[in-house]
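Below, each chain spelled out in residue letters.
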Amino acid sequence: MLTKDLLQYKIKSGQILPQFVNPTHKQLLVVAEQLISIFEDSINTPRAALLESSKQIIDSTPGAPIVKRGLEKLLLDRTAFDTAPNEELIAFRKKLFTETSHLLSQEQFQDYEDYQHKVLETIAEGSRPEIAPTEDGAGADGSRPEIAPTEDGVTLGAKLYADLPSNQPVLTFNTLSAERLLHRYNAAQVQGLLLHCNSLTLKLSDSMTAELRQLFKYLRFNQLLSTIRKEEELYEITVDGPLNLFYKTKRYGMNLANFFLAVLHQPKWELTAEVQFRNKRRSRLSLDESCGIKPISQQFLAYIPEDIQLFQAMLRNKTEDWQIRPGSQFLPLAGDFYCFPDYQLIHKSGVETAIELFHPWHQGHLIARLNTLAEEKNVSLILGVSKELEKKPLIAEALETSAYFLQFGFTFRDVPTMRTLLPILNSLV
C-alpha cells in the first residue's frame, strides 16, 4: 500500500485523476528489475543495508524519484523481517545495565574510556580484544580498542542494538516480475485514494460468473458495508468508505482498498468514489476496466476463511442435521434490493436459510435491514448482531422493537455460537 506522500494524482474540475505509469516503459522496467534484484538478494541482510542498496538505485537511475520510492515501498510490503523478540539479547542487556549500575556506584573512573572498558571486561567473559589488556584496561602497546569484539567478530555495541529495526535481517521476499510490479504500483495509486473515500459505487454486469460470486464473497468476508441493487442487467453496489465511519476506520479502510484488487478480476466494471483528504474539498474518482490495470492478485475461488471453518466445525460438533457453507447466492428483498449473506445453511429435510452478520460498524445498515424485513413475508434470513453494536442505545431500541429480530435474530461476540443459533434453526424445521 502507498502512503499519501507517495500518491500521484491531479484534481481537475472536481475529478481526481491518478497518475498511472506505463507498465511497458522500457526505462522504468529496467529500474523495477534492478530494485527487485536488490530485494531478491537481501535474505539475511539487515534492513538498513537493504534500504541503502535500494537508495543507490533510486538516486542513480533516471525517472521521477517519487515513482521509484513508491516501487520500493511496495517491495518492502512483500518483505518479511525478523521482528521476533530476542530473549537472549534482552537478558544480555539486562545484565549489562545491572553491571553498569553496580560499577558506577562502586568504582571511580579516570574517564569515559576507562569506564567503558571496565564494563566490557565485566560483561564479555571470554570475549577479549585481540591485544590482551593490561591491569588498567589498556593493551600491551598502550592502545585501547573502541569496543571489544565478540568471538564472531561483532562488537558488543553492535550486539547490544542488534534488534533495532535497522538491524533486523530479511527472512523472506515474495518476488514478482517487473511488469507486474508496475501494475501493482498503478493499483496502489487507486488503493491509496480509496483510503480517503466517503463512499464507493461499483456497477457490474449480471453475469453471475464464479468471479462475480467471489467478488461478493470478498465483500462479505471483509465485513464491508454495502447496499446491493439490481437495475436491469447491472448490479449496483454502494460501499461506505472509511471516512463515513467512526469505528475501526483504519482496518475498514484497508479492507476497502484491498477490495479494489478483487474488482480487477471482473471483465466489465465501473467504479466511482467520493475522495476527500483532510481540509480539502471532495473529488470524484471515476474508473472502469479500460484503465489498463491488470489483475495483480490470485482469485482464491475455493478459499474458505478461518472464521467460517471454525463455524462449520462448531456446527458439526453440535448437530448433523444442518450443513453450513459460505454465502454464494443473492437473496432478493423488497424494492429491488438484494442481500448477499455470510452463510447458507441446509437442513437434511431440504429447508434452507441464510445468516447475515452485522459488526460494530454496521449501525446504519442494520437499521435499514430491520426496516426492510419488517415488510418481508417470504425471506428466510437469520440476523446476527455484534454485542458491541448492541450497546448503542439506538440499536438496542431497534432490536427490542423488531418483531422479526425477536424471532430470527441473535447476538454474538467474535463469532456466532451454537447456543444462540440452534434454537432459531430448529424453529424453521
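Small disclaimer: the values here were computed from a predicted structure and weren't measured.

A. Looking closely at the pattern of salt bridges. Enumeration over the complete set of coordinates arrives at nine salt bridges. A salt bridge links R284 to E274, with the nearest nitrogen and oxygen atoms 3.2 Å apart. With R284 in strand 9 (residues 283-288) and E274 in strand 8 (residues 269-275), this residue pair connects regions lying ten residues apart in the sequence.

B. A look at the sheet that holds strand 15 (residues 381-386). Across the sheet, five strands lie side by side as 10-13-14-15-16; this open sheet has mixed pairing. For this open sheet the edge positions go to strand 10 (322-326) and strand 16 (409-412), each flanked by a neighbour on one side alone. When strand polarity is set aside, the average angle formed by the axes of neighbouring strands in this sheet is 25°. Strand direction decides the pairing type here: strand 14 (residues 352-358) and strand 15, joined by five bridges, are parallel. Its bridge partner being in strand 15, I355 is matched across the sheet by I382. Against the sheet, helix 11 (residues 363-373) makes contact with strand 14 and strand 15, and its axis sits at roughly 155° relative to strand 15, the strand it touches most. Across the face of the sheet, helix 15 (residues 418-427) comes into contact with strand 10, strand 13 (343-347), strand 14, strand 15 and strand 16 while running at roughly 165° to strand 16.

C. A look at the pairing of strand 7 (residues 234-240). Counting buried positions along strand 7 gives five out of seven residues, so the element sits mostly inside the fold. Of the pairings in the sheet, the one linking strand 5 (residues 197-205) to strand 7 comprises seven bridges and is antiparallel in character. Within strand 7, the residue paired with S205 across the bridge is L234. As paired elements, strand 6 (residues 226-231) and strand 7 share six bridges and run antiparallel to each other. For S226, the partnering residue across the bridge sits in strand 7 and is V239.

D. Layout of the side chain of T319. Take T319: it is sitting in the loop between helix 10 (306-318) and strand 10. In terms of polar contacts, T319 uses its side chain to reach the backbone amide nitrogen of D321, at 3.0 Å.

E. Region of interest: the nonpolar core. With 65 residues, the main nonpolar core has L202, F216, F260, W269 and L285 as its most contacted residues. When residues in this core are grouped by element, the largest group, nine residues, is from helix 7 (residues 178-194). If we skip the residues at most four places from it in the chain, L202 touches L215, Y235, E236, I237, F259, V263, W269, E270 and L271.

Criteria and cut-off values
- Residues numbered from 1 in each chain as written.
- Predicted model: local features only at pLDDT ≥ 70, side-chain atom pairs only at ≥ 80, totals over all residues.
- Heavy atoms only, no water.
- Salt bridge = Lys/Arg side-chain N within 4 Å of Asp/Glu carboxyl O.
- Helix = DSSP H or I, 4+ residues; strand = E, 2+ residues; numbered from the N terminus.
- Pairing = 2+ DSSP bridges.
- Axes fitted to C-alpha atoms, helices over the stretch in contact; angles between N-to-C directions.
- Contact = heavy atoms within 4.5 Å.
- Buried < 20%, exposed > 50% of the residue type's maximum accessible area, 1.4 Å probe, protein only.
- Polar contact = N/O pair within 3.5 Å; in protein donor to acceptor, adjacent residues only side chain to side chain.
- Core = buried A, V, L, I, M, F, W, Y, C linked by side-chain atoms within 4.5 Å.

Worth remembering: the numbers are spatial, not functional.
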